[in-house]
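The primary structure of each chain is shown beneath.
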Amino acid sequence: MAGLLVTGTSSDAGKSLVVTGLCRAFARRGLSVAPFKSQNMSNNSMVCRDGSEIGRAQYLQAEAAGVEASSLHNPVLLKPGSDRRAFVVLRGQPAGELRAGEYATGRAHLATAAFAAYEELAARHALVVAEGAGSPAEINLRRGDYVNMGLARRFDLPVMVVGDIDRGGILAALFGTWALLDEDDRALLKAFCINKFRGDESVLTPGLEEITRRTGVPFIGVLPWLEDVWLDSEDALSIGRWRPSQDGIVDRLSVAVVRFPRTSNATDVDALAAEPGVDVRVTTDADVCREADLLVLPGSRATVSDLAWLREQGLADVVLERAAADRPVLGICGGYEMLAATIDDSVESGAGVVPGLGLLPATVTFAREKVLGRPTDTWRGHRVEGYEIHHGVVDDDGSFPGGMRREAVFGSIWHGTLEGDDFRRAFLADVAALSGSPWQSRPGAAGFAQRRSAMIDALADAVEEHLDLDALLALTARSDS
């Protein structure tokens, strides 16, 4: 089994991006390569064509590798429901809950499933590029670990540690990671990688040489800051990093996305941020939400709780004001459920019947069985594709794909519909008309899938140029011997 484990000095260090780039770069070389992540802790997920739910990052990595995504690529997905519990998705299907006190000691069955998935995946491919979680130096969790050094030890995988230099303190973070590992784990640490570097690399070189002298671990390369690369993330730290586009378009459309405490699948609005002339902000600022051309209530992993928060923050009043003034509001999944008349939830929150915002004539009833699917529809002659991940069942009328529309209020239980170029642009044309914006879609502009594929290629180009891929493959060969 040839494999490589890519870990990081922290969450959001760039592990997902590096694995994505490596998968595409190795696939270009003709290798049968597959991504893998034993366990995600994320509310950004995707439904595969086989009906299994996995992390968005692994779904994208499978695309980069040119393989069909399945639960083999992410056998354990933990979806935070509160600060002290997470919902378990095991091999793509719901499998109960995990409490905070069980995190270090109650995951043996999850480890067994993860290791079995890795073995099955490795039997099908020449190379598995695995992604760690958080940091491998979380020694408080080492005993039950099966995603970082626990995985590496189980399959004798060489380990590369990625560090985000943009955060500062990178040399201390890399050395500290090495220093905190015990000797058996440290023996598998074979390479360091710097991510997001800007400037003159010669200034950095003496520090890297000293870290290698002290640890014996070489640097496999220094990846530059990639300005226009942003890809589906699993980490809350990445939500809302879009910047106003520098595309030179004067007539613009502004979108405000409410940052819920338990936002789920925030990647739904990535396609809006990629559209020329559209500026997206993720915010809790009432004035920003009030003034935007479009207000989006995204998905939520805790609909009733986040609805209560929306009211406490005064943002519910902003939503109601916008609806009364025929100013566009879009609710997606949990955000759609909030727009309904009533929500009956004895499953997710146990709250029973609570009033929704009452902007759409629908009722929501939470069921214990999770709905997972890849539905399709048409809207104004445009094909619409989405995916479903929800317990809340809404009695929609189909006047909007996956939901309903009343005047300027739109709701859909489906995720991912905005990735369809024709549908997204037709919807935004409605938004522009309702809000009085002169924005128009640009004929010939690159589609979302095209832009995402180009970003994967840009990642692979950077990986090929700045990392020693031959040295990485040599490490996997030694591990296999």
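This text goes with the structure placed above it.
J.: Hey, could you run me through the packing of helix α1 (residues 15-28) against helix α2 (residues 56-65) in this one?
T.: In a packed pair of helices, the relevant descriptors are the angle between the two axes and the axis-to-axis distance. Relative orientation of the contacting elements α1 and α2 amounts to 20 degrees, with a least axis distance of 7 Å. Regarding the angle of α1 to α2, the classification is roughly parallel. For the pair α1 and α2, the crossing hand works out as right-handed. Here Ser 16, Val 19, Thr 20, Cys 23, Arg 24 and Ala 27 of α1 come into contact with α2, specifically with Ala 57, Gln 61, Glu 63, Ala 64 and Ala 65. When its residues are assigned to classes, the contact of α1 with α2 shows six nonpolar, three polar and two charged.

J.: Looking at this structure, how should I read the sheet that holds strand β9 (residues 127-131)?
T.: Picture the strands of a sheet paired through backbone hydrogen bonds; they go either parallel or antiparallel. Sheet architecture is open: six strands sit in the order β2-β9-β1-β10-β11-β12, paired in parallel fashion. Each having just a single partner strand, β2 (33-36) and β12 (219-224) make up the two edges of the open sheet. Each strand of the sheet is rotated relative to its neighbour by a mean of 20 degrees, with strand direction disregarded. Here four bridges tie β2 to β9, and the two strands are oriented parallel to one another.

J.: Teacher, can you tell me more about the sheet that holds strand β26 (residues 409-412) here?
T.: Taken in spatial order, the six strands of this open sheet run β15-β13-β16-β18-β26-β25, and their pairing is mixed. In the strand order of this sheet, the two ends are held by β15 (278-283) and β25 (403-406), each with one partner. Each adjacent strand pair in this sheet contributes to an overall mean axis angle of 15 degrees, direction not counted. Two strands pair when backbone bridges link them, and strand β13 (residues 253-258) and strand β16 (residues 294-297) are joined in this way by three bridges, in the parallel orientation. Looking at β16, one finds that Ala 256 is bridged to Leu 295. Docked against the sheet, helix α11 (residues 315-324) engages β13, β16, β18 (329-332) and β26, running at close to 130 degrees with respect to β16. Its contacts with the sheet place helix α13 (residues 421-435) against β13, β15, β16, β18, β25 and β26, and it is angled at close to 100 degrees to β13.

J.: Please clarify how the state of the cysteines should be interpreted in this entry.
T.: A disulfide bridge is the covalent bond that connects two cysteines by way of their sulfur atoms. Across all of its chains, the model carries zero disulfides by this definition. Here Cys 48 stays unpaired: no disulfide links it, and the sulfur of Cys 23, its closest cysteine neighbor, is 15 Å away. Free of any disulfide, Cys 193 has its nearest neighbouring cysteine sulfur in Cys 23, separated by 14 Å. We classify Cys 193 as buried; its relative accessible area is 0%.

J.: When you look at α2 in this model, what are you seeing that I'm missing?
T.: Every α-helix winds through 3.6 residues per turn, so residues three or four apart in the chain are directed the same way. Counting buried residues along α2, nine of its ten residues qualify, which places the element largely inside the surrounding structure. Every buried residue of α2 is listed here: Arg 56, Ala 57, Gln 58, Tyr 59, Leu 60, Gln 61, Ala 62, Ala 64 and Ala 65. Just beyond α2, the residue with positive phi is Gly 66, at close to 80 degrees.

J.: So what exactly am I meant to see when it comes to the nonpolar core here?
T.: It is characteristic of soluble globular proteins that their nonpolar side chains tend to be buried jointly. Val 258, Leu 310, Val 319, Leu 330, Leu 339, Leu 357 and Phe 427 are the most contacted members of the largest nonpolar core, which has 64 residues in total. Not counting chain neighbours up to four residues away, the residues in contact with Val 319 comprise Leu 295, Leu 297, Leu 310, Val 329, Leu 339, Leu 357 and Leu 359.

J.: Whenever I open this one, unusual backbone geometry confuses me. Can you help?
T.: Only a minority of non-glycine residues have a phi that is not negative, and only a minority of peptide bonds are not trans. Backbone geometry places Lys 196, a non-glycine residue, at a positive phi of 65 degrees. Within the secondary structure, Lys 196 sits in strand β11 (residues 189-197). With relative accessibility at 16%, the residue Lys 196 sits in the buried group. A positive phi angle is found at Cys 333, which is not glycine, with a value near 55 degrees. With respect to the helices, strands and loops of the structure, Cys 333 is situated in the loop between β18 and α12 (334-339). Since its relative accessible area comes to 5%, Cys 333 is described here as buried.

J.: Just checking my understanding: could you explain helix α10 (residues 303-312) for this structure?
T.: Buried within α10 we find Thr 303, Val 304, Asp 306, Leu 307, Trp 309 and Leu 310. Of the residues one or two after α10, Gly 314 is the one with positive phi, at around 80 degrees.

J.: Explain the packing of aromatic side chains to me, please; I cannot follow it from the model alone.
T.: Any pair of aromatic rings gets described here by the distance separating the centres and the angle formed by the planes. This structure, assessed with the given rule, holds 13 aromatic pairs. Their ring planes at 80 degrees and their centres at 5.2 Å tell us that Phe 36 and Tyr 118 sit as a pair that is edge-to-face. Of this pair, Phe 36 sits in strand β2 while Tyr 118 sits in helix α3 (residues 108-124), placing them 82 residues apart in sequence. Using a relative accessible area of 0% as the deciding quantity, one classes Tyr 118 as buried. Here the aromatic cluster, defined as three or more aromatic residues joined through ring pairs, consists of Trp 379, Phe 400, Phe 410, Phe 423 and Phe 427. Seen from the ring of Phe 155, Arg 154 lies directly overhead, with NZ or CZ sitting 4.7 Å from the centre. It is Arg 198 that lies over the ring of Trp 225; its NZ or CZ is 3.9 Å from the centre.

What counts and how
Position labels on residues start from 1 in each chain and follow its written sequence. Per-residue local features of the predicted model are confined to residues with pLDDT of at least 70, and side-chain atom pairs are confined, for both listing and counting, to 80 or more; whole-chain, interface and lining totals are unaffected and use all residues. Neither water nor hydrogens contribute to the side-chain values; these are computed over all heavy atoms in the structure. In this analysis, axes come from line fits to C-alpha atoms, helices being fitted only over the stretch in contact, and the angle between any two N-to-C directions falls in the range 0 to 180 degrees. Note on conventions: DSSP H or I runs of at least 4 residues are helices, E runs of at least 2 residues are strands, and numbering of each starts at the N terminus. By the definition adopted for this analysis, an angle is roughly parallel if under 35 degrees, roughly antiparallel if over 145, roughly perpendicular if from 65 to 115, and oblique otherwise. A clockwise turn of the near helix away from the far one marks a right-handed crossing, whereas an anticlockwise turn of less than a right angle marks a left-handed crossing. Contacts are residue-level and defined by heavy atoms, with any inter-residue pair within 4.5 Å sufficient. Residues are sorted three ways: Asp, Glu, Lys and Arg are charged, Ala, Val, Leu, Ile, Met, Phe, Trp, Tyr, Cys and Pro are nonpolar, and all the rest, Gly among them, are polar. Pairing between strands is defined by DSSP: at least two bridges between them are needed. Defined by distance alone, a disulfide is two cysteine sulfur atoms within 2.5 Å. Each residue is placed in one exposure class: buried if its accessible area under a 1.4 Å probe, protein chains only, is under 20% of its type's maximum, exposed if it is over 50%, and partly exposed if it falls in between. Throughout this description, the term nonpolar core refers to a set of buried Ala, Val, Leu, Ile, Met, Phe, Trp, Tyr and Cys residues connected via side-chain atoms within 4.5 Å. Planes of paired rings set the category: under 30 degrees apart is stacked, over 60 is edge-to-face and the rest tilted, where pairs are Phe, Tyr or Trp rings (Trp by its six-membered ring) whose centres lie within 6.5 Å. We call a charge positioned over a ring when the NZ of a Lys or the CZ of an Arg lies within 6 Å of the ring centre and within 35 degrees of the ring normal.

Note that every value here comes from positions in space, so none of it alone points to a role or purpose.
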